[in-house]
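Each chain, letter by letter, is given below.
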Amino acid sequence: QKEVEQNSGPLSVPEGAIASLNCTYSDRGSQSFFWYRQYSGKSPELIMFIYSNGDKEDGRFTAQLNKASQYVSLLIRDSQPSDSATYLCAVNTRNAGNNRKLIWGLGTSLAVNP
Amino acid sequence: EAGVTQSPTHLIKTRGQQATLRCSPISGHTSVYWYQQALGLGLQFLLWYDEGEERNRGNFPPRFSGRQFPNYSSELNVNALELEDSALYLCASSPRWAGVEQFFGPGTRLTVL
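By convention here, each chain's residues receive numbers from 1 onward along its written sequence. Chain letters start at A and ligand numbers start at 1, both assigned in the order the entries are written. With the structure being a predicted model, the display of local features is reserved for residues of pLDDT at least 70 and the display and counting of side-chain atom pairs for 80 or more, all residues being used for whole-chain, interface and lining totals. Hydrogens and waters are ignored; side-chain quantities use all the structure's heavy atoms.

J.: Explain the pairing of strand S5 (residues 45–50) of chain A here, please?
T.: A regular strand carries its side chains on alternate faces of the sheet. Residue and element names in this part refer to chain A. The pairing of strand S4 (residues 33–38) with S5 spans five bridges and is classified as antiparallel. From the neighbouring strand, Tyr36 faces S5, where its bridge partner is Leu46. Adjacent in sequence and paired antiparallel, S4 and S5 are bridged by six residues, among which Gly41 carries a positive phi angle near 80°. When DSSP finds two or more bridges between a pair of strands, those strands are recorded as paired. Put simply, DSSP marks the helices as runs of H or I at least four residues long and the strands as runs of E at least two long, and each gets a number from the N terminus on.

So this is what it looks like as structure tokens:
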């Protein structure tokens with residue numbers, strides 16, 4: 001089982017709809033969770049992070065965390081064509097030396113259609 | 001506040017040559033991470049430096065190496081370049097301790113001919 005899993009997509013939604021991006025992780029001891037957006041040919045940029053169970057909202061973005069189910073999601077409300085990008089999930093987990101490190105999913109490609 | 005900077009933006013080399021990529025972290029950040037992202041693929045973790053020491057490395061051969069300087073800037077060296085080393089190389093920085101959010105530079109596009 002991969003440590004951080006995301007559907008590769010592409011996820012296609014119409015403009016104005018809600019886009020829902022999902023991520024599951026394997027380390028129950030993970031403590032912090034990050035969503036990054038990456039446009040084609042560009043570097044990833046941090047959108048949101050979440051540490052506690054429940055929802056965290058920032059503008060049109062909502063991160064949802066369920067540690068019992070080992071699941072974190074990103075909702076994008078009122079999706080815009082400019083949201084079309086690859087969304088990367090990263091999870092703070094422990095390595096063999098009990099040091100924490102970020103583990104990255106492969107990303108979900110989102111296409112918002114005008 | 002200046003972000004993470006990387007140089008050069010583009011680098012073209014031929015097989016067997018060596019490439020050196022540079023990264024300056026955000027002021028106050030002590031950790032530097034290097035990633036490789038081949039076209040259409042995910043981020044592959046290469047190296048993590050903190051306080052001048054290599055803390056962890058990914059599944060890459062020893063010809064990928066680097067170092068971190070006292071001012072926390074970092075170099076990635078790739079020896080004996082192979083065609084499959086062509087990729088976007090991304091540097092990220094974070095405050096001390098792995099696991100907090102990482103901030104990325106614009107990347108260096110390495111092309112091996």
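J.: Even after reading the chapter, I still don't get the packing of aromatic side chains, so can you show me in this structure?
T.: Each aromatic ring pair is summarised here by two numbers: the centre-to-centre distance and the angle between the ring planes. Pairing of aromatic rings covers Phe, Tyr and the six-membered ring of Trp, with a centre-to-centre limit of 6.5 Å; geometry is then stacked below 30 degrees between planes, edge-to-face above 60, and tilted otherwise. This structure, assessed with the given rule, holds eleven aromatic pairs over all chains. Note on Tyr25 of chain A and Phe33 of chain A: the rings are 4.8 Å apart at their centroids and 45° apart in plane angle, and the pair reads as tilted. Taken individually, Tyr25 of chain A and Phe33 of chain A each receive the classification buried, so the pair is uniform in this respect. Look at Tyr35 of chain B and Phe104 of chain B: their rings are 5.7 Å apart centre to centre, the planes differ by 40°, and that puts the pair in the tilted class. Taken together, the residues Tyr35 of chain B in strand S4 (residues 31–37) and Phe104 of chain B in strand S10 (residues 103–104) connect sequence positions 69 residues apart. The residues Tyr35 of chain B and Phe104 of chain B share a single accessibility class, namely buried. Exposure categories follow from relative accessible area, calculated using a 1.4 Å probe and restricted to protein chains: below 20% of the type maximum is buried, above 50% is exposed, and the middle band is partly exposed.

J.: Looking at this model, I keep getting lost on the interface of chain A and chain B. Mind explaining?
T.: Interface extent is often summarised as the accessible area lost during association of the parts. A contact between two residues is defined here by any heavy atoms of the two lying within 4.5 Å. Taken residue by residue, the interface counts 19 residues in chain A and 18 residues in chain B. A pair is scored as a salt bridge if a Lys or Arg side-chain nitrogen falls within 4 Å of a carboxyl oxygen belonging to Asp or Glu. Where chain A meets chain B, there are zero salt bridges. N or O atoms within 3.5 Å of each other form a polar contact, as long as, within protein, one can give a hydrogen and the other can take it, and as long as residues adjacent in sequence are counted only when both atoms are side-chain atoms. For the pair chain A and chain B, the number of links is four residue pairs in polar contact (both at pLDDT 80 or more). Looking at the side of chain A that touches chain B, the elements that each hand over two or more residues are S4, S5, strand S9 (85–94) and strand S10 (100–104) of chain A.

J.: Explain the pairing of strand S8 (residues 74–78) of chain B to me, please; I cannot follow it from the model alone.
T.: All names here are of chain B. The buried count for S8 comes to five of five residues, which makes it a mostly enclosed element. Alternating residues of S8 divide into Ser74, Leu76 and Val78 and Glu75 and Asn77, and every residue in both groups is buried. Pairing of strand S7 (residues 64–68) with S8, which is carried by five bridges, proceeds in the antiparallel orientation. Its bridge partner being in S8, Phe64 is matched across the sheet by Val78. What sits between the antiparallel neighbours S7 and S8 is a turn of five residues, in which Tyr72 has the positive phi angle 75°.

J.: Looking at this structure, I do not really get the state of the cysteines. What am I missing?
T.: What is meant by a disulfide is a covalent connection between two cysteines, made through their sulfur atoms. What counts as a disulfide here is a pair of cysteine sulfur atoms lying within 2.5 Å. Across all of its chains, the model carries two disulfides over all chains by this definition. Each sulfur in the disulfide pair Cys23 of chain A and Cys89 of chain A lies 2.1 Å from the other. Looking along the S-S bond of the Cys23 of chain A-Cys89 of chain A disulfide, the torsion reads about -70°, which is the left-handed sense. Residue Cys23 of chain A is located in strand S3 (residues 19–25), and its partner Cys89 of chain A is located in strand S9; the two are separated by 66 residues in the primary sequence. Judged by relative accessible area, Cys23 of chain A falls into the buried class, the value being 0%. Two residues share a disulfide in this structure: Cys23 of chain B and Cys91 of chain B, whose sulfurs sit 1.8 Å from each other.

J.: Would you mind showing me how to read the side chain of Gln6 of chain B here?
T.: Residue and element names in this part refer to chain B. Its location among the elements puts Gln6 in strand S1 (residues 5–7). Gln6 gets classed as buried once you look at its relative accessible area, which sits at 10%. One polar contact links the side chain of Gln6 to the main-chain carbonyl oxygen of Tyr89, over a distance of 3.1 Å. Within the local environment of Gln6, its side chain forms a polar contact with the backbone nitrogen of Cys91, the two atoms lying 3.1 Å apart.

J.: Looking at this model, I keep getting lost on the sheet that holds S8 of chain B. Mind explaining?
T.: In a beta sheet, neighbouring strands are held together by backbone hydrogen bonds and run either parallel or antiparallel to one another. All names here are of chain B. Taken in spatial order, the four strands of this open sheet run S1-S3-S8-S7, and their pairing is antiparallel. Each of the sheet's edge strands pairs with one partner strand only, and the pair in question is S1 and S7. Put simply, the sheet's adjacent strands are angled 15° from each other on average, direction ignored. Direction of pairing for S1 relative to strand S3 (residues 19–24): antiparallel, over a ladder of three bridges. Residue pairing in the sheet places Gln6 in a bridge with Cys23 of S3. Axis geometry follows a simple rule: fit a line to the C-alpha atoms, using only the stretch in contact for helices, then measure angles between N-to-C directions, giving values from 0 to 180 degrees.

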